[in-house]
Amino acid sequence: MDLETHGRERVASAAHLALAQWWARLGGHGAAAMRALPGLAAEVDQHIAEVRRQLTDARGGGLHPVTLAAYADGVADVATRRGWSPQHTPADGWARAPWPSVRLLAVCLLAGAPA
């Protein structure tokens, strides 16, 4: 295996790990809440459409785990600087989830549940 291929595999592996961590923090709980809260499901669907539009346009193709992980980390970084924490959502309830939590839930659903 050449160095370039090895580097791509490491980046992809790190992206999968980051997405699995977001799923553990928000995805599983949020997906369960969507089944009980139709309003949340509709809101997440809108976020999914917007994320897909933004990232597909930026890449010129399909959604790649590396792109999704980088996007999720960027959303979280900005939101954290503004006082958000992924721990806020489960405690406060998904019916009133803050924008970053809903956006990251959308990213989790686009990435799919970790294997």
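Residues numbered from 1 in each chain as written. Predicted model: local features only at pLDDT ≥ 70, side-chain atom pairs only at ≥ 80, totals over all residues. Heavy atoms only, no water.

Of the residues in the protein chain, 85% reach a pLDDT of 70 or more, and the chain-wide mean stands at 88. Taken element by element, the protein chain is modelled with least confidence in helix α4 (residues 88-92), mean pLDDT 61, and with most confidence in helix α5 (residues 99-111), mean pLDDT 96. (pLDDT = per-residue confidence, 0-100. Helix = DSSP H or I, 4+ residues; strand = E, 2+ residues; numbered from the N terminus.)

Let's shift gears to helix α3 (residues 65-81). For α3, spanning 17 residues, the distance from its first C-alpha to its last is 24 Å, which sits close to the expected 24 Å at 1.5 Å a residue. Within the span of α3, buried status applies to Thr67, Leu68, Ala69, Tyr71, Ala72, Val75, Ala76 and Ala79. (Expected span 1.5 Å × (residues − 1). Buried < 20%, exposed > 50% of the residue type's maximum accessible area, 1.4 Å probe, protein only.)

The next subject is α5. Structurally, the α-helix is built with 3.6 residues per turn, so residues lying three or four positions apart point the same way. The terminal C-alpha atoms of α5, which comprises 13 residues, lie 18 Å apart, in line with the 18 Å expected from a rise of 1.5 Å per residue. Judged by how many residues are buried, α5 sits mostly within the fold: 10 of 13 residues are covered. Within α5, burial applies to Pro100, Ser101, Val102, Arg103, Leu104, Leu105, Ala106, Val107, Cys108 and Leu110. Backbone geometry just downstream of α5 places glycine 112 in the positive-phi region, at approximately 90 degrees.

Attention now moves to the environment of leucine 68. One can find leucine 68 in helix α3. The class for leucine 68 is buried, based on a relative accessible area of 3%. The spacing of leucine 68 and alanine 15 is 53 residues in sequence and 8.0 Å in space, taken between C-alpha atoms.

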